[in-house]
Amino acid sequence: MAAFLQWRKFVFFDKEAVSDPLDNGKKFVLPKGISASDSGRGLLVLGDMEGRIWLVTRSLQLTSFQAYKLRVTHLYQLKQHSILVSVGLDEHGINPLVKVWNLDKRDSGNPLCTRIFPANLGTKPTEVSCLSIHENLNFMAIGFTDGSVVLTKGDITRDRHSKTVTLHEGSSPVTGLAFRQVKSTHLFVATLEKVYCFTLSTKEYPKVELDSHGCALRCSSLADPSQDSQFIVAGDECIYLYQPDGRGPCFAFDGQKLLAHWHRGYLFLVIKDVKSPNKTGFGGGEISPSEKQLLTVYDLDNKFIAYSFCFDDVIDVVAEWGSFYILTRSGTMFLLQEKDTQTKLEMLFKKNLFVMAINLAKSQHLDSDGLSEIFRQYGDHLYLKGDHDGAIQQYIRTIGKLEPSYVIRKFLDAQRIHNLTAYLQALHRKSLANADHTTLLLNCYTKLKDSSKLEEFIKNYQEGLHYIGCLPFEQAESNMKRYGKTLMHHVPEGATLLLKNICTNYYPTGEAVSVDHCQVNKANSEEFIPIFANNPRELKAFLEHMIKVDSCSPQGVYDTLLELRLQDWAHEEDLEKKKILQGEAVSLLKSDNTLFDKALVLCQMHNFKEGILYLYEKGKLYQQIMHYHMQNEEYGKVVEVCKHYGDQEGCLWEQALGYFAKKEEDCKTFISEVLHHIDQKNLMPPLLVVQTLAHNSTATLSVIKEYLINKLKRESQQIEADDKKISQYREETSVLRSEIKELKTSAKIFQKTKCNMCNSPLELPSVHFLCSHSFHQHCFESYAESEAECPTCTPENRKVMDMLRSQDQKRDLHDHFNRQLRISNDGFSVVADYFGRGVFNKLTLVTDPPGSKTVGSLEVDLQRDLLIHTKKNN
């Protein structure tokens, strides 16, 4: 609770009686019999006891129109709309009428009345005590002297779009209403005895009782956002502030309250003068004739009284045109004009109230230059009082605005080294110190013998970087490894530049570089990467510099740079920039300086499609490429991968067919294309194709019809070709059998005239074979490997014999393999062993070109018989 007596009083407002602009020297006179008032939209709105509503413009021109036959009791002018709501009486003994006026539209020269309806839902006449309208025109609340509150929800300017309900009923007269709109819509209700809050955003309009004591009529108001839009209730002993869920702070402002208003950050209270007679009306709602009231203006934020003055018969206090107007029953209207901020500050300076001046300047949103001047004056005041510690704190707050020499001279003269050191440290923290300030600070540390501060200075600021940059290479490298993180936090650009120098070709700052200087001082750039833990932008610049100047940079440099580029690409939303970043990442992958496994993991982590596919292709992981497109359901890409890499891995087509077969959506086009390539390259048996597609509900017979027809056609053609070969082999076999029989039963006549070896005429002695080959004796002896074999037929005969021996060996090996597989406990090891020995390799025979007549085309039994017979005869 803040006590009123502790608050200082000021005269921050100028008061004057408003003059009539049409009659120089005379006061402006209000209409007689004012019963209600409000302001907004550039107007003062007044209602009188004769039912007229008066509109006062800024030039104090008065216009009026007859709103009611008897009297106007309440007025509410909305601030965001040119809508005026009035309550008044047309007849005695009936309910008051509510009228809604559109001031922008005219009807016979008067404002247009858009709606008229009775204030109360019942038939019993009840006097209206207060009125409040929500600025969105969707809520209107009316309070009555019988304790009830009526709420109208919907468009208050129209009958058809609104609904009226009784929100509250009680025995105590309603004295105040206020809508609060902060996220949710609330309605505060004050009575003589209690304070309530209704939540209008909820359908049932839940009610919370905030306090068990209320206030008099017109003694409540709603604060602005500077006070969190709290509901202000002015009791006779205290001022209470309420939130929707409970009571907030209170202020001990004693006195019988007659009026409470909140205008532009100020609380206006009209309090009955203790010398005046007693008030009339329930709870002090009305003001009796010829009584004096004390108007006091409070600044609740800064806790002072901005103005206080006694007036005669105050009707109301309204705010408009940037000023405040006090309406009195005598017809005089007073203007309260707030002094400008600078004038108010000067008044506070004269009283040495600098803390209050600072708070006032902040609440008035004074710029940084103005605040700095207040801090300077406050510092000067404390300095003259001998409070050097307090003064230096105020001078520190002027850094960036006040010339540092102004402060330094004061504390050099006073020999206040501790205070001067504090100021110089703050100057360096804000990076506004020059070389002289640095030298002075180092001297202060030296005089104070403060080695810890000296070391901290080296760690934290720009001068520390300059100091390290002047050291020899080994010391500079060691210091950057030790203090690099701290320096990077405070001066990232300077620390990055120094590291670039240390990791390329370092030489101390200020040292002349010799042309014939051959030694290159260069640190390992990878060792400094942890220094940039919280500075990715500087790290990227550092790494890009390193790979540019040194193509043989450590592996960690390339891997870290790739990760940074991928992070930038992943977080970039601009498509053009994202495309550029994509190109940078791909170019780094193609430079072959990144590790394959790590690069692939990074690309997968950031879902970098181009990098993933490039690395799969580089590693010849063709199945992975296809599976990637399968996961992303890129059907066309799956087929393209099969076309591009199908010759290198034939299983891709089979996997593609299986993939499309499992899809329930219509993939007929892709299945047909895959089947076409499988058919062309004969990659799968037809039965396996049918079994694969049997799992797909959309793959009907029409999909594989063409494939099956083509397959059957080729099978028929193959059968026909095989039949022809069979017939051919039978004819050849029959001829050979006849020849063998002839050789066995009749004599062989040798009629060859030329040697089959040298192609010269035969001369005795000569050698003849049953295969019809003849040779000179000397030719035969020169070329024959065996006396029993024809040199010309030997190569073909050996091929046949090798084939026969291989078949016999394979047959024995097959039986041995099955036997071992049955008796072994580890069948996989047996299979692996036989694979390693090449048992399952396809047998390939090298024969003569097609068209030549070879023994290899004969049946096995016939070949064996022919060879044995030939050997016997020789």
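Summary of the structure given here. (Residues numbered from 1 in each chain as written. Predicted model: local features only at pLDDT ≥ 70, side-chain atom pairs only at ≥ 80, totals over all residues. Heavy atoms only, no water.)

This paragraph deals with the overall build of the protein chain. Across its full length, the protein chain holds 26 helices and 32 strands. Sequence separation of 24 or more characterises 47% of the internal contacts of the protein chain that already satisfy a separation of 6 or more. Total accessible area on the protein chain is roughly 47400 Å²; 50% of this is exposed by carbon and sulfur atoms. (Helix = DSSP H or I, 4+ residues; strand = E, 2+ residues; numbered from the N terminus. Contact = heavy atoms within 4.5 Å. Areas by Shrake-Rupley, 256 points an atom, 1.4 Å probe, with all protein chains shown as cover.)

Attention now moves to the sheet that holds strand β18 (residues 195-199). An order of β16-β17-β18-β19 is seen for the four strands of this open sheet, with the pairing classed as antiparallel. At either margin of the open sheet sits one strand with a lone partner, and together these are β16 (174-182) and β19 (207-211). Looking at each pair of strands side by side, their axes are set apart by 20 degrees on average, direction ignored. When β16 meets strand β17 (residues 184-191), the two strands line up antiparallel, connected through eight bridges. Directly across from V182, in β17, lies its bridge partner S184. (Pairing = 2+ DSSP bridges. Axes fitted to C-alpha atoms, helices over the stretch in contact; angles between N-to-C directions.)

In this fold, L566 is placed in helix α13 (residues 555-571). Spatially, the C-alpha atom of L566 lies 6.5 Å from that of A585, the residues being 19 residues apart in sequence. When sequence neighbours within four positions are dropped, the list of residues in contact with L566 reads A585, L602, C603, H606 and F608.

Moving on, we come to the packing of helix α4 (residues 388-396) against helix α6 (residues 417-429). Here α4 crosses α6 at 15 degrees, and the two axes come no closer than 10 Å. Taken together, α4 and α6 sit at an angle that is classed as roughly parallel. At the point where α4 passes α6, the crossing takes the right-handed sense. Contacts between α4 and α6 involve H388, D389, I392, Y395 and I396 from the former and N419, A422, Y423 and A426 from the latter. Taken together, the residues of the contact of α4 with α6 break down into six nonpolar, two polar and one charged. (Parallel < 35°, antiparallel > 145°, perpendicular 65-115°, else oblique. Left-handed = near helix turned anticlockwise from the far one by under 90°. Nonpolar A, V, L, I, M, F, W, Y, C, P; charged D, E, K, R; others polar.)

Its 18 residues place the ends of helix α3 (residues 368-385) 26 Å apart at the C-alpha level, agreeing with the 26 Å of an ideal helix rising 1.5 Å per residue. Three or more residues of α3 are buried, namely G370, L371, S372, I374, F375, Y378, G379, D380, H381, L382 and Y383. Remark: G386 follows α3 within two positions and exhibits a positive phi of approximately 90 degrees. (Expected span 1.5 Å × (residues − 1). Buried < 20%, exposed > 50% of the residue type's maximum accessible area, 1.4 Å probe, protein only.)

Another aspect to go through is the packing of aromatic side chains. Going through the model one piece at a time under the given rule, you end up with 31 aromatic pairs. Between the aromatic rings of F354 and Y378, the centroid separation amounts to 5.2 Å while the plane-to-plane angle is 15 degrees, which identifies the pairing as stacked. In this pair, F354 is assigned in helix α2 (residues 354-363) and Y378 in helix α3, connecting sequence segments 24 residues apart. Its relative accessible area of 4% is what places F354 among the buried residues. Given a relative accessible area of 17%, Y378 falls into the buried group. Ring plane angle 25 degrees and centroid distance 5.1 Å describe the contact between F532 and F542, whose orientation is recorded as stacked. With a gap of ten residues between them, F532 in the loop between α11 (492-502) and α12 (536-549) and F542 in helix α12 connect regions that are remote in the sequence. Grouping residues by exposure puts F532 and F542 together as buried. (Phe/Tyr/Trp six-rings, centres within 6.5 Å; stacked < 30°, edge-to-face > 60°.)

Next up on the list: the pattern of salt bridges. If you walk through the whole model with that rule in mind, you get 19 salt bridges. Put simply, D389 and R416 hold a salt bridge, and the shortest N to O gap is 3.9 Å. Remark: R416 occurs in the loop between α5 (404-413) and α6 and D389 occurs in helix α4; sequence separation between them is 27 residues. On the accessibility criterion, R416 (33% relative accessible area) is partly exposed. Across the salt bridge formed by K481 and E527, the nearest N and O atoms sit 2.7 Å from each other. With a gap of 46 residues between them, K481 in helix α10 (residues 473-490) and E527 in the loop between α11 and α12 connect regions that are remote in the sequence. For E527, a relative accessible area of 42% corresponds to the partly exposed category. A cluster of three or more residues bridged by salt bridges with shared partners is formed by E373, R376 and D380. (Salt bridge = Lys/Arg side-chain N within 4 Å of Asp/Glu carboxyl O.)

Our next topic: the sheet that holds strand β26 (residues 292-299). Across the sheet, which stays open at both edges, the five strands sit in the order β2-β27-β26-β25-β24 with mixed pairing between neighbours. In the strand order of this sheet, the two ends are held by β2 (8-9) and β24 (257-263), each with one partner. Taken together, the eight bridges between β26 and strand β27 (residues 304-312) define a ladder with antiparallel strand orientation. Directly across from L294, in β27, lies its bridge partner C310.

The next subject is the state of the cysteines. Scanning the model with the defined rule gives zero disulfides in all. Residue C219 stays outside any disulfide, its sulfur separated by 5.8 Å from that of C215, the closest cysteine. Overall, the relative accessible area of 0% leaves C219 in the buried class. (Disulfide = S-S within 2.5 Å.)

If you look at the biggest cluster of nonpolar residues, it comprises 71 residues, and the most contacted ones within it are M480, I502 and F660. Counting residues in hydrophobic clusters, the runner-up holds 55 residues, among them I326, L360, I396 and L441. (Core = buried A, V, L, I, M, F, W, Y, C linked by side-chain atoms within 4.5 Å.)

For helix α18 (residues 635-645), the set of buried residues is Y635, V638, V639, V641, C642 and Y645. Looking straight down α18, one finds that the buried residues subtend no more than 155 degrees of arc, so they occupy a single side. (Arc of directions from axis to C-beta.)

Turning our eyes to something else, we now look at the pairing of strand β10 (residues 97-107). As defined by bridge partners, strand β9 (residues 83-89) adjoins β10 across six bridges and the pair is classed as antiparallel. Pairing of S86 across the sheet is with K99, part of β10. As defined by bridge partners, β10 adjoins strand β11 (residues 110-118) across eight bridges and the pair is classed as antiparallel. Residue pairing across strands places N102 opposite L112, the latter belonging to β11.

The amide bond that connects L764 to the next residue, P765, takes the cis arrangement and shows omega of -5 degrees. By the secondary structure assignment, P765 is in the loop between α22 (701-745) and β31 (766-768). A positive phi is found at R41, a non-glycine position, where the angle reads about 60 degrees. Among the residues examined, R41 registers a relative accessible area of 45% and is labelled partly exposed. At D228, a residue that is not glycine, the phi angle is positive and equals roughly 60 degrees. Secondary-structure assignment places D228 in the loop between β20 (220-222) and β21 (231-234). Residue classification places D228 among the partly exposed residues on the basis of a relative accessible area of 39%.

Nothing here speaks to function; it is all geometry.
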